[in-house]
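# Geometric and topological summary
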Amino acid sequence: MSNTAEALHHDDGSAVKEIWKVTLILSVLTIIELILGFWMMGVNDSGVRLAIKGSIVILMIAKAFYIVGYFMHLKHELKNLIMTIVVPLALFIWFITAFLYEGNSYKNLRNRYDPYKKAQTEIKVHKSEEVKEIKASGE
Amino acid sequence: MSTITATAAPTKLWGGGKSPFNVEYGKLMMWYFLMSDAFTFGAFLISYGTIRFSSNGWPNPNEVFKSFPFAPEGVHAPLVFVSIMTFILIISSVTMVLAVHAGKQMDKNAVVRNLILTIIGGIAFLSCQAWEWNHLHSEGAWWGANPFLNADGTQSSTNFTNYFFTITGFHGFHVFSGVVINIIMLIMTLLDKFEKRGHYLMIEKAGLYWHFVDLVWVFVFTCFYLI
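To keep things clear, this report deals only with the structure shown in the data block.

Calculation notes
Residues numbered from 1 in each chain as written. Chains lettered and ligands numbered in written order. Predicted model: local features only at pLDDT ≥ 70, side-chain atom pairs only at ≥ 80, totals over all residues. Helix = DSSP H or I, 4+ residues; strand = E, 2+ residues; numbered from the N terminus. Buried ≥ 20, exposed ≤ 12 C-beta atoms within 10 Å, placed from the backbone. Contact = placed C-beta atoms within 7 Å. Nonpolar A, V, L, I, M, F, W, Y, C, P; charged D, E, K, R; others polar. Core = buried A, V, L, I, M, F, W, Y, C linked by C-beta atoms within 7 Å. Expected span 1.5 Å × (residues − 1). Axes fitted to C-alpha atoms, helices over the stretch in contact; angles between N-to-C directions. Parallel < 35°, antiparallel > 145°, perpendicular 65-115°, else oblique. Left-handed = near helix turned anticlockwise from the far one by under 90°.

The helix and strand inventory of chain A stands at seven helices and zero strands. Listing each helix as α and each strand as β along chain A from the N terminus yields α-α-α-α-α-α-α. Within the span of chain A, comprising 139 residues, buried residues form 11% of the whole. In chain A, 48% of the contacts between residues at least 6 apart in sequence involve partners at least 24 apart.

Looking only at helices and strands, chain B features eight helices and zero strands. Along its sequence from the N terminus, chain B presents helices and strands in the succession α-α-α-α-α-α-α-α. The principal-axis extent of the C-alpha atoms belonging to chain B is close to 70 × 40 × 25 Å. Counting all 227 residues of chain B, 38% fall into the buried class.

What follows is about the interface of chain A and chain B. Contact with chain A, which involves 54 residues of that partner, is made by 48 residues of chain B. If you list the elements that add at least two residues to the side of chain A that touches chain B, you get helix H1 (4–9), helix H2 (12–41), helix H3 (46–71), helix H4 (79–89), helix H5 (91–113) and helix H7 (128–138) of chain A. Broken down by element, the residue count for the side of chain A that touches chain B peaks at 13 residues, all from H2 of chain A. Across the side of chain A that touches chain B, the residue classes tally to 32 nonpolar, 13 polar and nine charged.

Core analysis: the largest hydrophobic core is formed by 65 residues, its most contacted members being Ala 99 and Ile 203 of chain B. Looking at this core, the elements that each hand over two or more residues are H3 and H4 of chain A together with helix H2 (25–53), helix H4 (80–104), helix H5 (108–138), helix H6 (159–190) and helix H8 (201–226) of chain B. The leading source of residues in this core is H8 of chain B, at 17 residues. Those residues in contact with Ile 203 of chain B that sit more than four places away from it in its chain are Ala 99, Val 100, Gly 103, Val 111 and Met 185 of chain B.

Another point: H5 of chain B. Residues and elements named next belong to chain B. Relative to the 45 Å expected for 31 residues at 1.5 Å per residue, H5 spans 45 Å between its end C-alpha atoms, a close match to the ideal helical length. Among the residues making up H5, those that are buried are Val 111, Asn 114, Leu 115, Thr 118, Ile 119, Gly 121, Gly 122, Phe 125 and Leu 136. Contact partners of the buried residues in H5: H4, H6 and H8.

The next subject is the packing of H5 of chain B against H6 of chain B. Residue and element names in this part refer to chain B. Their axes nearest at 9 Å, the elements H5 and H6 cross at an angle of 155°. The orientation of H5 relative to H6 falls into the category roughly antiparallel. Both H5 and H6 take part in a crossing whose hand is left-handed. On H6, the residues touching Lys 108, Val 111, Val 112, Leu 115, Ile 116, Thr 118, Ile 119, Gly 122, Ile 123, Phe 125, Leu 126 and Gln 129 of H5 are Thr 168, Gly 172, Val 175, Phe 176, Gly 178, Val 179, Asn 182, Ile 183, Met 185, Leu 186, Thr 189 and Leu 190. Here the residues of the contact of H5 with H6 sort into 15 nonpolar, eight polar and one charged.

Pasting the structure below:
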């Protein structure tokens with residue numbers, strides 16, 4: 001009896017059809033992500049790269065929505081249940097924004113006030129073999 | 001009966017005498033567990049993001065994850081192996097939904113069939129991950145050791161490998177637990193435990209966990225391999 005709400009939304013055939021539809025959507029979204037990933041390999045412009053990365057993140061969130069909504073069936077649960085799960089997850093908006101801002105700010109402050117560290121991170125190393133040699137001679 | 005519930009449900013959900021969430025206790029608790037687990041993974045990934053944002057350079061994932069099993073040494077196949085892993089996990093998630101669906105129909109044979117497929121998918125994913133870890137380790141990458149250079153050719157710190165092995169390891173541990181849970185579900189189904197209970201709600205809870213593992217991989221895959 002506890003599944004009356006689900007039973008109302010689903011008869012047998014449409015439920016299976018929905019599973020395959022969501023499978024197809026997830027596959028297509030993944031393929032688009034991969035195409036964007038391959039495309040990004042040849043792009044050097046940082047603005048375009050950022051735009052591609054943003055699109056990949058949006059596609060990632062879309063995939064998460066389909067997995068949680070349809071595979072985990074949350075979309076067909078009662079609104080009370082949806083809210084008790086989704087509302088706490090809204091903390092992630094602050095969580096991500098604050099911490100990425102913090103990381104970026106730390107980088108800028110260190111580059112500004114610690115020129116030695118900044119110079120260290122700008123030394124080019126050409127091969128991984130050379131790194132080992134530098135490490136070996138340094139120790 | 002069902003029409004009465006449908007019309008009365010929206011207005012009297014908090015009136016007492018019934019579950020306002022309309023799910024079984026165990027399933028609700030599984031949801032809350034998964035929510036807490038989402039915050040654990042979120043903390044890991046956000047920590048990774050913070051460190052990456054605070055670094056002047058970072059290795060290019062397409063240079064690091066470019067190998068493929070049985071391919072000749074030096075082959076350049078970025079993203080190929082990890083996309084196979086991604087599809088394995090998506091497909092195993094689909095077979096899990098089909099198992100849950102079969103459980104609702106009380107179709108024992110279909111539950112068994114789809115659970116076996118899900119377990120095979122999980123083991124295949126773990127095998128791929130084991131190969132990848134082994135390969136990276138043979139290249140000199142491990143916790144505290146990073147043989148890769150930053151994308152701009154400067155010396156990289158060990159942050160990259162530390163985060164990679166910690167987060168994919170934590171996810172792999174979840175996949176492993178999921179496979180164990182699914183094997184237990186399979187044994188219980190074969191022993192007719194759920195037939196005797198009259199419902200397959202246990203499969204639904206195992207299914208929720210398994211989809212969560214797939215969900216986390218969507219984020220890990222994007223954060224480490226794509227971006």
